[in-house]
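Single-letter residue listing:
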Amino acid sequence: MTSIIVRQAVLSDLAALAVLFDGYRQFYGRPSDVDAAKEFLAARFNHGESVLFIAFEDGVPVGFTQLYPSFSSVSLARTFVLNDLFVVGHARRKGVASQLISAAVDFARTLGAARLSLATAIGNETAQSLYQAIGWQRDGQFFVYHFAIPV
């Protein structure tokens, strides 16, 4: 029987997180660049701009999730965006993603957050099924728009 451990990531997890983060980016069609992934995550750590959780299966890093802090003006409360969630292929369907999400929810609850929000690809039905199965609800009130800043 395998053992899954999830904990809040620390700076010494950066190398392992960078590999996982690179795999996540590749899942979404981006080219591999572990160095850029490591630099990006290091900046989030160094500026306190996100909170990461890392999952281990029998001591081996197999997944992560990243939360970005935000606020709701209407609710007058802290919120978090669960922006990234990734589990390596061989560790899927073992409850790793659910445990990562649970750790994120517990963390947000501890800080008195009003909610967590996430977005996923329209075609990612596996993720959508997981989110719905553990109580997340698709937004029925708001459309989401993006504006790309020209470079």
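Right above here is the structure, for reference.
## Quick notes on the overall build of the chain
- Scanning the chain for helices and strands turns up 4 helices and 5 strands.
- Shown N-terminal to C-terminal, the secondary structure of the chain runs as helices and strands in the order β-α-α-β-β-β-α-β-α.
- Rg of the C-alpha trace for the chain: 16 Å, near the compact-globule value of 15 Å for 151 residues, within the 12% margin.
- The principal-axis extent of the C-alpha atoms belonging to the chain is close to 45 × 40 × 30 Å.
- Within the chain, the fraction of its 151 residues that count as buried is 36%.
- Counted over contacts in the chain with a minimum sequence separation of 6, partners at least 24 positions apart contribute 56%.
- Of the roughly 9,700 Å² that the chain leaves accessible, carbon and sulfur atoms contribute 56%.
- Taken as two groups, the 12 positive and 12 negative side-chain charges of the chain have centres that lie 5 Å from each other.

## Looking at the layout of surface pockets
- When its volume is computed, the largest pocket comes out at roughly 1,400 Å³.
- What lines the largest pocket is a set of 39 residues, among which Ser-117, Leu-118, Ala-119, Gln-137 and Asp-139 lie closest to the centre.
- Looking at the lining of the largest pocket, the elements with two or more residues in it are β3 (60–72), β4 (77–87), α3 (96–110), β5 (115–117) and α4 (125–133).
- Tallying contributions element by element places α3 first for the lining of the largest pocket, with 6 residues.
- Class assignment of the residues belonging to the lining of the largest pocket gives a composition of 21 nonpolar, 14 polar and 4 charged.

Rules used in this analysis
- Residues numbered from 1 in each chain as written.
- Predicted model: local features only at pLDDT ≥ 70, side-chain atom pairs only at ≥ 80, totals over all residues.
- Heavy atoms only, no water.
- Helix = DSSP H or I, 4+ residues; strand = E, 2+ residues; numbered from the N terminus.
- Rg over C-alpha atoms; globule rule 2.2 N^0.38 Å.
- Buried < 20%, exposed > 50% of the residue type's maximum accessible area, 1.4 Å probe, protein only.
- Contact = heavy atoms within 4.5 Å.
- Areas by Shrake-Rupley, 256 points an atom, 1.4 Å probe, with all protein chains shown as cover.
- Lys, Arg positive; Asp, Glu negative; His and termini not counted.
- Charge placed at Lys NZ, Arg CZ, Asp CG, Glu CD.
- 1 Å grid on protein atoms, 1.4 Å probe; cavity = no way out; pocket = protein on both sides within 12 Å on 5 of 7 lines; lining within 4 Å.
- Points joined across faces, edges and corners; volume = space filled by probe spheres on them.
- Nonpolar A, V, L, I, M, F, W, Y, C, P; charged D, E, K, R; others polar.

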